[in-house]
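The residues making up each chain are set out below.
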Amino acid sequence: MLSAEFRYVASAVLAAWALHVVARGTPVDAAMPFVGVVIVFLAWRCCALIEIGVPLLVIAAIALPDEHTRLLAFGAIVAGAFVAAVPRTFLDATGVMLAAVLVLRWIPFSNVEIVRELIVLVGAFAVLLARPPLMIGAVAVALVTPTHPGKALLYPFIVAAIVFVARNVPVALGLAVAFLAAAHFARAEHAPLWIAAAIAVAMPLLPRLTYVPAIALFMLWPWSGLIARALPSFFRAAPPPTQTIGAALAASQSIDVAVPPGVRRVVLVASGANVARLKEDRVIGSVNGRPIRIGDVADFGFMRREQFFAARNPLPRLPVADIRGYGQAAFLYGAGRLVLPPAESLHISAAGDLPPNARLQVESVGFE
Amino acid sequence: MTFLPLAAVSVAAALLLLRGRALWRWAGCEIGAWLLFGALALTARPLGVTVEPHLAVIAFAVANFAMLFAFVAFADDVRWSANRAAVVALMIYLLAIVGAMLPFPIDGDEPFYLLITESIVKDHDLDLANQYRDLAHSATHRLDLVPQYGDRVRPRGTYSRLEPFLALLLAPGFAIAGLAGALATMALFGALLVRSTIRLFEDEGISDATARQLFPLIAFGPPIVFYAARIWPEVPAAWCFVEAVRGVRQRRAVRWGTALLGLVLLKLRFGLIAIVLLLRVWKPTLKRALIAAAILILLAVAFALSAHKAWELRPGPPYFYLLGIAGLTVDGAAGIAFQAPLYLFGLIALARWRAMPSGFRLGMSASALYLIYLFPRTEWHGGWSPPLRYIVVFCPILALGAAALWERIDAGPKLVVTAWTLGLVVHGLAFPFRLFHIANGESPLGDWLGARFHSDFSRLIPSTIRPNLAALAGGIVVVVLLIVFRTGRTFTPAVAAVLVALFFVEGRRPGDRIQFEDTHVTHLGGEMYPREYQPQRFLFTGGWIVRQGDAMKFLARAGRSRLRYQSARGATIAIASRTYALPPSMEYRTIDVDVPAAGCIELRCLDGAANLERMDHE
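Being a predicted model, the structure only gives us computed values, none of them experimental.

Here is what the cut-offs are and how they apply
Here the residue numbering is sequential within each chain, running from 1 through the sequence in written order. Think of it this way: whatever chain is written first is A, whatever ligand is written first is 1, and the rest follow in order. The predicted nature of this model means local features are confined to residues of pLDDT at least 70 and side-chain atom pairs, given and counted, to a pLDDT of 80 or more, with totals for whole chains, interfaces and linings taken over all residues. Water and hydrogen atoms were dropped before computing side-chain values, which therefore reflect all heavy atoms in the structure. Each salt bridge in this description consists of a side-chain nitrogen of Lys or Arg and a carboxyl oxygen of Asp or Glu lying within 4 Å of one another. By definition, any uninterrupted DSSP run of H or I lasting at least four residues is a helix, any uninterrupted run of E lasting at least two residues is a strand, and each is numbered from the N terminus. For each residue, the accessible area found with a 1.4 Å probe, counting protein chains only, is set against the maximum for its type, and the residue is called buried under 20%, exposed over 50%, and partly exposed in between. The convention used is that axes are lines fitted to C-alpha atoms, helices contributing only their stretch in contact, and that angles between N-to-C directions extend from 0 to 180 degrees. Handedness of each helix crossing follows the sense of rotation of the near helix against the far helix: counterclockwise by less than a right angle gives left-handed, clockwise gives right-handed. Here, two residues are considered to be in contact whenever any of their heavy atoms come within 4.5 Å of each other. Each residue is assigned to one of three groups, with Ala, Val, Leu, Ile, Met, Phe, Trp, Tyr, Cys and Pro labelled nonpolar, Asp, Glu, Lys and Arg labelled charged, and all others, Gly among them, labelled polar. Summed over both partners, buried area is the accessible surface (1.4 Å probe) that two parts give up on being assembled. The term polar contact refers here to a pair of N or O atoms within 3.5 Å; inside protein, the definition further demands a hydrogen-donor-capable atom paired with an acceptor-capable atom, and it admits residues adjacent in sequence only when both atoms are side-chain atoms. We define a nonpolar core as any set of buried Ala, Val, Leu, Ile, Met, Phe, Trp, Tyr and Cys residues linked to one another through side-chain atoms lying within 4.5 Å. Each aromatic pair joins two rings of Phe, Tyr and Trp (for Trp, the six-membered one) with centres within 6.5 Å, and gets the label stacked for planes under 30 degrees apart, edge-to-face for over 60, and tilted for any other angle. We call a charge positioned over a ring when the NZ of a Lys or the CZ of an Arg lies within 6 Å of the ring centre and within 35 degrees of the ring normal.

Q: How do you make sense of the pattern of salt bridges when you look at a structure like this?
A: Think of it this way: side chains of opposite charge can pair up when their charged atoms draw near. One pass over the structure, following the stated rule, counts 43 salt bridges over all chains. For Arg282 of chain A, the salt bridge is made with Asp353 of chain A, and the minimal N-O distance between the two is 3.3 Å. Taken as a pair, Arg282 of chain A in the loop between strand S3 (266–273) and strand S4 (283–287) and Asp353 of chain A in the loop between strand S9 (345–350) and strand S10 (359–367) lie far apart in primary sequence, 71 residues in all. Here Arg282 of chain A falls in the partly exposed class, since its relative accessible area comes to 23%. Measuring nitrogen to oxygen at the nearest pair gives 2.8 Å for the salt bridge that ties Asp322 of chain A to Arg324 of chain A. Accessibility expressed as a relative area gives 19% for Asp322 of chain A, which makes it buried. Using a relative accessible area of 34% as the deciding quantity, one classes Arg324 of chain A as partly exposed. Connected through shared salt-bridge partners, Asp109, Asp151, Arg161, Glu234, Arg269 and Arg389 of chain B make up one network.

Spelled out as structure tokens, the structure:
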């Protein structure tokens, strides 16, 4: 008779091979063998039923040609596996938590800075240790922890200390409310840190139904960078218009765009380049006399993992559904939509006081 | 399917089947599931994910009920009885009818049963001539109906070859609510079947826990769900058969007598089951003798008046038996392994005959004569109908065998079977028209993969409609399985994943045989032979007719191949850069062709016309 350990090792190898063979394309597909091993690990430690996730992943990899649909299916299946993974011991809880953090932060592998990520893992473990066995807080904290600058790696340890201290209900509740208030007033780049801290502190007080948003967000692990840095704007994002302009305007430069007759409204998509340090409401250009501000648009790449923490831009009010990258490296392109009244033409100009290397990027325009 | 009826049925089913802590936990999970579905819908827009709404809703509904039945199967706080199961089944069948079946036209024999029902209700006769004349006002919503092969078309009237008893049963429902009422009546029979099956399980000593786990897979899994929500005599017949078996086991002559009478009236072919069952219970008392005589006389009269002929009772040649047996077991389009995998356990139970409950042995032995006549028929797969039509009648008995084994089976095979079953249900409810598949040797799975990857996956899916190597291999695997199966613990989900991956990898390679009518061939002009909806299509040799200027592209292996064709006038074709003359021939004949390199090649018709059947690599 085969031991359970050997049986699961064999299953892990088979799962990795099967997913390696069928999942091709994106970095998330490339990481699917690892995800298969994670699923088998969850099945071993928590519930044998979870292993059904492996053939489901294989079928999704084969059956769904559209990239986003396939990755979302991967997300849903893996989220389902984690939902079913109810740990029985602290050791199991630690394993599940580590697996979740690995899935959320270590894909794509090419972007992983091993030492810093190991520190994040230790930090997440500290949060779990501070309030075992509730792991959602630890995972949330790990998800949003920036690896740049290096001092930001202290964040999970600080949260762990707070969680450890705030053990009684009034204190935990008070701190959670305070953190949420801080998130409201903090700049967009720091808000996720406050919110994750609030979740970690308040976790024992929350009813189980509040796990639903956590599960829903976990389904987005193939774009975990979005969960960490682009919420809640991501849900407001709409597809960009199809008529590309593609002009980058330096200070005082302008272009004119003809508007066809009979148009009810015009949707202009614009972004900034090298404007990540500019604050909210700073005017970077105008269209037909209407100012284009930071807040309407943002630096196109400010939500990148490396730049986000140091940036000053808020998320665009009407963002564009343009997702770049995968896993923890995924980010929402910083373009915003401006809805304009009909006119004969659009005169778009960059502000005269733009910094020398900054640009107003006119991406595309749509007529409705 | 709208959300309100779905939510209402979910809640009502939960209230009927759960209580206490389990009910509250289910409620939490249910709310969570709806919120998650909403979140997914919210996420789909920014991600640019487009999923067919009908498919998404059906998939959610199936997942939702799967969650409920997981609670019913594994929770302690349940309210369980055959009656409760039947009520829940009725609600869900009605939901399936309203949400999934009604939006699509009825097909196969269904519109003809409905025409008879219409005739009974409106004209009080069985003459369908006026129904065919006035199809625009028919509840069938089918304007293309004509009398079928075997119907009696006479100056005095047009009479269907189908037995009118089902139509008679549907008449009250039809009179009240038309097609929906007829379908609701079918749902009622489905619920009765569920009740009887659960009672049969209880009678035969199957534990409640096992019955609760199997109930959703039987009642809402293929093939029963697809026949309980459509107009076929199979589900009422299955109910009659189960009641007959129960009646015999309980020595209640009136019960089995009535049930057998119903069985025979529904479909004459079920008389073969009735005969064996009568022989099994034969003990010469006056009451039994009278019942048996009545049934036998009825059978004889009905047979004489039916479209069936005496020669049909002659046994077929052995090879045809092999095809039928292998087909019903492993065929991708019409076999148990692919279309209702739960019943594989029932087949395994057959191999453990002595250890099985008496009801199972009685039921299956009663099916023997029926099966002996079914196996060699060219239409063993059921023709133009949802899969497994001819064996729906004893699915509950096979389920009893599966139930007797259930507790011994490891979690791995159960999980894989459950997941596959859920997939089949979602597919069948979201696309009911795909339940009908032309008998060309492909299956819905092979069709879809072939069209998607332009590679011949169908060759890896067993078929005995167009016999292939996979059918032989599948047949051997099943035989080995029947002998060696103990618990199935080595068949883990990871092993299933590897099999799927291997299937995918091998399927993308060129095969030895190209069937030109298959979906993996890219057809640039030409037409299918015979036409797609040719009645009894399985009797023809399929192919693709090409004329001058038509072309096909397909994956092929390098080297010499043999092309099989038929051409009245002859044709000239080009494969890659070489041309070949196809001499005229009224019979099928072959020519040798060369494929210069493995990969996608083009076959072009330069002149004439030919029906190209297949190309075999040598």
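Q: I keep staring at the packing of helix H7 (residues 165–203) of chain B against helix H8 (residues 208–219) of chain B and nothing clicks. Help me out?
A: When two helices pack together, their arrangement is given by the angle between the helix axes and the distance between those axes. All names here are of chain B. At a minimum axis separation of 11 Å, H7 and H8 run at an interaxial angle of 150°. Crossing of H7 over H8 shows right-handed handedness. Contacts between H7 and H8 involve Val194, Ile198 and Phe201 from the former and Ala211, Leu214, Phe215, Ile218 and Ala219 from the latter. Within the contact of H7 with H8, the residues separate by chemical class into 8 nonpolar, no polar and no charged.

Q: Please explain the interface of chain B and chain A as it appears in this structure.
A: Frequently, the measure chosen for interface size is the accessible area that the parts lose on association. Of the residues lining the interface, 34 residues belong to chain B; the matching set on chain A comes to 39 residues. Overall, the association of chain B and chain A removes approximately 3100 Å² of surface from exposure, summing both partners, and the carbon and sulfur fraction of that is 80%. Scanning the region where chain B abuts chain A turns up 0 salt bridges. There are 3 residue pairs in polar contact (both at pLDDT 80 or more) connecting chain B and chain A. Counting residues per element, the side of chain B that touches chain A draws most heavily on helix H2 (residues 20–47) of chain B, which supplies 12 residues. Of the residues belonging to the side of chain B that touches chain A, the class tally is 26 nonpolar, 5 polar and 3 charged.

Q: Hey, could you run me through the nonpolar core in this one?
A: Soluble globular proteins tend to bury their nonpolar side chains together. Among the nonpolar cores identified, the biggest contains 157 residues, and Leu18, Tyr93, Ile231, Phe241, Tyr343, Tyr370 and Phe394 of chain B are the most heavily contacted of them. For this core, the element with the most residues is H7 of chain B, which contributes 16 residues. Once residues within four sequence positions are removed from consideration, Tyr370 of chain B is found in contact with Arg269, Phe270, Leu272, Ile273, Tyr390, Val393 and Phe394 of chain B. Listed in part, the 115 residues of the second largest apolar core include Ala73 and Ala330 of chain A together with Leu449 and Ala497 of chain B.

Q: Please explain the packing of aromatic side chains as it appears in this structure.
A: Within a pair of aromatic rings, the relevant descriptors are the distance that separates the centres and the angle that separates the planes. This model, assessed by the stated rule, comprises 34 aromatic pairs over all chains. A ring pair is formed by Phe453 of chain B and Phe504 of chain B, whose centres lie 5.2 Å apart and whose planes are at 75°; its orientation type is edge-to-face. Linking Phe453 of chain B in helix H21 (residues 444–453) with Phe504 of chain B in helix H23 (residues 493–507), this pair joins segments that are 51 residues apart in sequence. The exposure class assigned to Phe453 of chain B is buried, which follows from its relative accessible area of 12%. Judged by its relative accessible area of 8%, Phe504 of chain B is buried. In this arrangement the basic side chain of Arg7 of chain A is found over the ring face of Tyr8 of chain A, its NZ or CZ atom lying 4.3 Å from the centre. The ring of Trp44 of chain A carries the charged tip of Arg45 of chain A above its face, separated from the ring centre by 4.8 Å.

Q: Hey, could you run me through unusual backbone geometry in this one?
A: The bulk of non-glycine residues show a negative phi, and the bulk of peptide bonds are trans. For the bond running from Ile107 of chain A to Pro108 of chain A, omega is 0°, close enough to zero to count as cis. Mapped onto the elements of the fold, Pro108 of chain A is located in the loop between helix H6 (90–105) and helix H7 (114–130). Cis geometry is found at the peptide bond from Tyr529 of chain B to Pro530 of chain B, where omega equals -15°. Examined against the element boundaries, Pro530 of chain B turns out to sit in the loop between strand S5 (527–529) and strand S6 (543–547). In this structure, Asn288 of chain A is a non-glycine residue whose phi angle is positive, near 50°. Tracing the backbone through its elements, the reader meets Asn288 of chain A in the loop between S4 and strand S5 (290–293).

Q: How should the side chain of Ser271 of chain A be read in this particular structure?
A: Residue and element names in this part refer to chain A. Counting through the fold element by element, Ser271 comes out in strand S3. According to the relative accessible area criterion, Ser271 is buried, its value standing at 0%. Side-chain polar atoms of Ser271 contact the side chain of Glu363, separated by 2.5 Å. Apart from the residues within four sequence positions on either side, Ser271 is in contact with Val297, Ala298, Phe300, Tyr333, Gly334, Ala335, Arg359, Leu360, Gln361 and Glu363.

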